[in-house]
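# Per-entry structural report
Chain residues, written in single-letter form:
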Amino acid sequence: MIKLENVTKEYKGSPIALKDATAEINKGEFVFLVGPSGSGKSTFLRLLNKQEVPDSGRVLVNGKDVGDLHPWKVPLLRRQIGCVFQDFKLLPSRTVRENVSFALEVIGKPKHIIETQVPAICELVGLGDKMEKYPNQLSGGEQQRVSIARAFVNRPVILLADEPTGNLDPQTANGIMWLLDRINRSANTTVVMATHDRGIVDTMRRRVIELSHGSIVRDQSRGVYD
Amino acid sequence: MAVRVDYIVKETALNIIRNPSLSIATVLTVAVSLSLLGAALVIQQGVSGLNTRFKDDVEFIIWINNDASDDQISSVERALAESPVVKSAVFITREQTFAEFEEYFAESPEVLAAVTPEDLPTSFRVVPVNPDLSVVEQLGRQFTPLPGVRQVDFAGDYIRRLNQFSSAASITMTVAALASGLASSLLMYNTIRTALFARRREVEVMRLVGATNWFIRIPFMLEGLLQGLVGAIFSAGAVLALNRVVGGAVKGADFRLFDSFALESGQLWVITGILLAAGALIGAVGSGVAVTRYLEA
């Protein structure tokens, strides 16, 4: 499903972001990327949906070399990959329903699909009764659920999560993890999640890829934080 | 993937409603810049109209006595043709003079009714080789004593000065029109960039969920097009008002020299069309270019 082959990425004027990284992630896996800030976790994720291109090496998604992708095909790649962020990236002037609908509208989905999919996904993330609220009327955990609904409403095969619990208290974070776990198990969605959260990693006991200064230093199935 | 019309209409409307101050700023920017452009076009049209009337370089007119014989007329004609300092001379018949007379007094039918072509003199309109005033006057005086010649009228220094002034004005206005067009494009571009900066998160989300670049651009471009068009309508209104004021002043004066500045409706439609097209184009292209900055993958 996802394959990195000797990938190196460097940003000008910064220490190397990713150094000769090789990893393979299969369909339906749940993988934690762990490591301190600046160890290359975000770069790893950003390479997968071509927000970044590697300096050397290859990134394959669904068997296709992302680097060879025509620019006009990049949106098609991104439709298969949902994204969740630490800061949610919700649109403050739109309601929950509009935020989630937006993701389908801008890829040209027909209205009748939007009208059935959006309430269903909002129900799934537990916000069926808050669809007409605006983001600033919701708690942090609820906002992250909206962002997960938006990322998942188009049924992507891969879900990337960059510190999705970074802004949340432990109890709320557990709720989010429960939701991601459910998405992973029920829809066989591949989930790659970068995190600092030791408690979550140790509790979930899923595959752990540890990065340090851009290198993969550990790759362990059913692993712990360290 | 079909581009949904209802989505685009909704997004465009929402964009405008959610950012009223920036929409107003954009519209006003376009309106002011295009008004400048429109005024430049009006003046340029006026100047070129002025030039059409006087560009023939007619420096003096030899009026022939009504009772002059054909021999006398042809001897004047010969003298003109043989003179090395006369570039060209055109004979104006009574009918031609009457036609001009009719145009001149179009709004005074009582004057026209009192005159027939037979009452009017024939004339030669002369273009000398050297348009210098003293030379022209000297040349013209040579024809005054010829038999059959009633009078020689000189175009006069002031018309030639006006002519020089008007060609300078024409160049200045063309430059001004280009400069104001450029300025309005840059202002539009900046205003739209500001508007987009306020919405960079929206663009970011669109990119992340896999919207194509054109899909992202279209609502922004349509919004820019509408704002440009509304601004252009204001500027067209300003130009029409300007023309009415100038036209009123010109019509009120007994000096018909500046009549060309009161544009005919055909010319005004052309200018209005140019302004609307320019507004729409500046708005759409400015938005398209500005949004592209946020689309780099």
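See the structure above.
Residues numbered from 1 in each chain as written. Chains lettered and ligands numbered in written order. Predicted model: local features only at pLDDT ≥ 70, side-chain atom pairs only at ≥ 80, totals over all residues. Heavy atoms only, no water.

## Focus on the pattern of salt bridges
Once their charged atoms are close, side chains differing in charge can pair, the charge on each being opposite to the other. Residue and element names in this part refer to chain A. A full pass over the atoms with the stated rule returns 18 salt bridges over all chains. With a closest N to O distance of 3.1 Å, Arg46 and Glu52 form a salt bridge. The class for Arg46 is partly exposed, based on a relative accessible area of 31%. Lys130 serves as the salt-bridge partner of Glu142, at 2.5 Å between the closest nitrogen and oxygen. Of this pair, Glu142 sits in helix α5 (residues 140-152) while Lys130 sits in the loop between α4 (111-124) and α5, and the two are 12 residues apart along the sequence. (Salt bridge = Lys/Arg side-chain N within 4 Å of Asp/Glu carboxyl O. Buried < 20%, exposed > 50% of the residue type's maximum accessible area, 1.4 Å probe, protein only. Helix = DSSP H or I, 4+ residues; strand = E, 2+ residues; numbered from the N terminus.)

## Considerations on the nonpolar core
Counting 58 residues, the largest nonpolar core has Phe32(A), Val100(A), Val106(A), Ile148(A), Leu180(A) and Ile216(B) as its most contacted members. Counting residues per element, this core draws most heavily on helix α6 (residues 170-187) of chain A, at six residues. Those residues in contact with Val100(A), other than ones at most four positions away along the chain, are Val118(A), Ile121(A), Cys122(A), Val146(A), Ala149(A), Arg150(A) and Val153(A). One finds Ile25(A), Leu47(A), Leu48(A) and Ile81(A) within the second-largest nonpolar core, a separate group that totals 29 residues. (Core = buried A, V, L, I, M, F, W, Y, C linked by side-chain atoms within 4.5 Å. Contact = heavy atoms within 4.5 Å.)

## Description of unusual backbone geometry
Residue and element names in this part refer to chain A. Of note in the backbone geometry, Asp20 takes a positive phi value of approximately 50 degrees without being a glycine. As for its position among the elements, Asp20 is in strand β2 (residues 18-25). We classify Asp20 as partly exposed; its relative accessible area is 49%. One non-glycine residue with positive phi stands out, namely Lys89, at about 55 degrees. Note on placement: Lys89 falls in the loop between β6 (81-85) and α3 (96-105). The exposure class assigned to Lys89 is buried, which follows from its relative accessible area of 11%.

## Focus on the interface of chain B and chain A
Often the size quoted for an interface is simply the accessible area lost on bringing the parts together. Residue-level contacts link 21 residues of chain B with 26 residues of chain A. Summed over both partners, the interface of chain B with chain A comes to about 2100 Å²; 54% of that surface belongs to carbon and sulfur atoms. Remark: the boundary between chain B and chain A carries four salt bridges. In this structure, Lys10(B) engages Glu105(A) in a salt bridge whose closest nitrogen and oxygen atoms are separated by 2.8 Å. Applying the counting rule to chain B against chain A returns four residue pairs in polar contact (both at pLDDT 80 or more). Within the residue set of the side of chain B that touches chain A, elements represented by two or more residues are α1 (5-18) and α8 (200-208) of chain B. Broken down by element, the side of chain B that touches chain A gets its largest block of residues, seven residues, from α8(B). (Buried area = accessible area lost by both parts, 1.4 Å probe. Polar contact = N/O pair within 3.5 Å; in protein donor to acceptor, adjacent residues only side chain to side chain.)

## Focus: the sheet that holds strand β3 (residues 123-128) of chain B
Residues and elements named next belong to chain B. Strand order in the open sheet formed by four strands is β2-β3-β1-β4, with antiparallel pairing between adjacent strands. Since the sheet does not close on itself, it has two edges, and those belong to β2 (86-92) and β4 (149-154), each with one partner. Between one strand axis and the next, the sheet turns by 20 degrees as a mean value, whatever way the strands run. Two elements, strand β1 (residues 60-64) and β4, share five bridges in a ladder whose sense is antiparallel. (Pairing = 2+ DSSP bridges. Axes fitted to C-alpha atoms, helices over the stretch in contact; angles between N-to-C directions.)

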